[in-house]
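Below are the chains, spelled out letter by letter.
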Amino acid sequence: MSNPYPSERGLIDRGAGPAILFAHGMGLDCRLFEPQVEGLSRDYHTIAYNLRAHSARAAIPYTLYDLVSDFTAELDARGIERCVLVGMSMGGYMAVRAALTVPQRLYGVVLIGASGIPFPPEDVATWRADAERWRHRATLGAEQGRADAQQNFARTTQRRDPDLISRWAERIAQRSGAASYCEFLSWAYQDDVREAFSALKLPCLLVHGAEDAAVPLAHVLASHQLLPSARLLILPYAGHAANLEYPESVNAALQEFCRESVAP
């Protein structure tokens, strides 16, 4: 698929109509959502943008709430009052905070490989010990790039489409250690918003791969228990980047969600 907008600009912008903004996960970039832009831009103004880790502020620690501020700045820069916000992983955890702090800018939120549940401190401590090993590297390198890419995809996908994993492994390998470390800090040390999440009034769609190795399925099921009005789509044989592994299924769910969520 050709990129509908030069990726060097850190933006894919296509279509017209009500807006859908896509926010990617750690180590990834706006190209993560090429299948969604391709599938939805006939009916919507689809915008996939690069988050702070691709900017001049990449190596300065920030929080998910800082990413919310960046998100609203993206809307303001384009004169967009409201949108559907689709976030994958880190982008999804940011989308939860956006729904809680700036609901007036949203028609609804979609979480792919994300939840309203914080990670246990003992898990975060283990992950940080790993992250300390590469935070000062100029680039993450091939070995780390391959490991991170594999964590984004189910074993089924790794066998079926090894070129997809290799393509993302190469991209991740080129990321700086400092930028990646600050990305990690932003989502790993998230605040506990379960009580507020349970009171969310915005439409919400939870999309999760049954083989997600990064975010436990239990977190998503717990999120659905907190917010039973949310739609829930569990994709068998999909991993963390379910929108890349099964784009047709995810696009169909997004089409239906947006059709019912966007005000006429």
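Look up a bit, the structure's there.
Just so it is clear, the model here is predicted, and its values are computed rather than measured.

What follows is about the state of the cysteines. Counted according to the given criterion, the structure contains 0 disulfides. Considering cysteine sulfurs only, C258 is the nearest to C204, which forms no disulfide, with 12 Å between them.

Let us look at helix α3 (residues 90–101). For α3, built from 12 residues, the straight-helix expectation of 16 Å at 1.5 Å per residue is met to within 8% by its first-to-last C-alpha distance of 17 Å. For α3, the buried fraction is high: 10 of the 12 residues fall into the buried class.

Further remarks concern the environment of S261. Within the element layout of this structure, S261 appears in helix α12 (residues 247–261). For S261 and Q144, which are 117 residues apart along the polypeptide, the C-alpha to C-alpha distance reads 39 Å. Those residues in contact with S261 that lie beyond four places of it in its chain are Y107 and P203. At 2.7 Å, the side chain of S261 and the backbone oxygen of F257 are in polar contact.

So, on to the packing of aromatic side chains. Summed over the entire model, instances satisfying the criterion amount to 8 aromatic pairs. With 5.4 Å between their ring centres and 85° between their planes, F184 and W187 make a pair best called edge-to-face. Highlighted residues: F184 and W187, both in helix α8 (residues 177–188), separated by 3 residues, approximately one helical turn. For W187, a relative accessible area of 14% puts it in the buried group. With a centroid separation of 6.4 Å and 80° between ring planes, the pair formed by F184 and Y189 is classed as edge-to-face. Overall, the relative accessible area of 3% leaves F184 in the buried class. Linked through ring pairs, Y93, F119, W127, Y181, F184, W187 and Y189 together constitute an aromatic cluster. Directly above the aromatic system of W168 lies the positively charged group of R171, at a separation of 4.4 Å from the ring centroid.

Within helix α5 (residues 141–151), burial applies to Q144, G145 and A149. One side of α5 holds all its buried residues, which, seen down the axis, span an arc of 135°. Here the buried face of α5 lies against α7 (162–173).

With that out of the way, let us pick up the pairing of strand β3 (residues 45–49). Buried residues dominate β3, accounting for 5 of its 5 residues. Of the two faces of β3, the one lined by H45, I47 and Y49 and the one lined by T46 and A48 are each fully buried. Alignment of strand β1 (residues 11–14) against β3, held across 4 bridges, turns out to be antiparallel. Within β3, the residue paired with D13 across the bridge is I47. Pairing of strand β2 (residues 19–23) with β3 involves 5 bridges; the strand directions are parallel. Among the inter-strand pairings, L21 is bridged to a residue of β3, identified as I47. In the classification by handedness, the crossover that spans β2, the intervening helix α1 (residues 34–40) and the parallel β3 is right-handed.

Each value, and the rule that gives it
- Residues numbered from 1 in each chain as written.
- Predicted model: local features only at pLDDT ≥ 70, side-chain atom pairs only at ≥ 80, totals over all residues.
- Heavy atoms only, no water.
- Disulfide = S-S within 2.5 Å.
- Helix = DSSP H or I, 4+ residues; strand = E, 2+ residues; numbered from the N terminus.
- Expected span 1.5 Å × (residues − 1).
- Buried < 20%, exposed > 50% of the residue type's maximum accessible area, 1.4 Å probe, protein only.
- Contact = heavy atoms within 4.5 Å.
- Polar contact = N/O pair within 3.5 Å; in protein donor to acceptor, adjacent residues only side chain to side chain.
- Phe/Tyr/Trp six-rings, centres within 6.5 Å; stacked < 30°, edge-to-face > 60°.
- Lys NZ or Arg CZ within 6 Å of the ring centre and 35° of its normal.
- Arc of directions from axis to C-beta.
- Pairing = 2+ DSSP bridges.
- Right-handed = clockwise from strand over helix to strand, strands pointing away.

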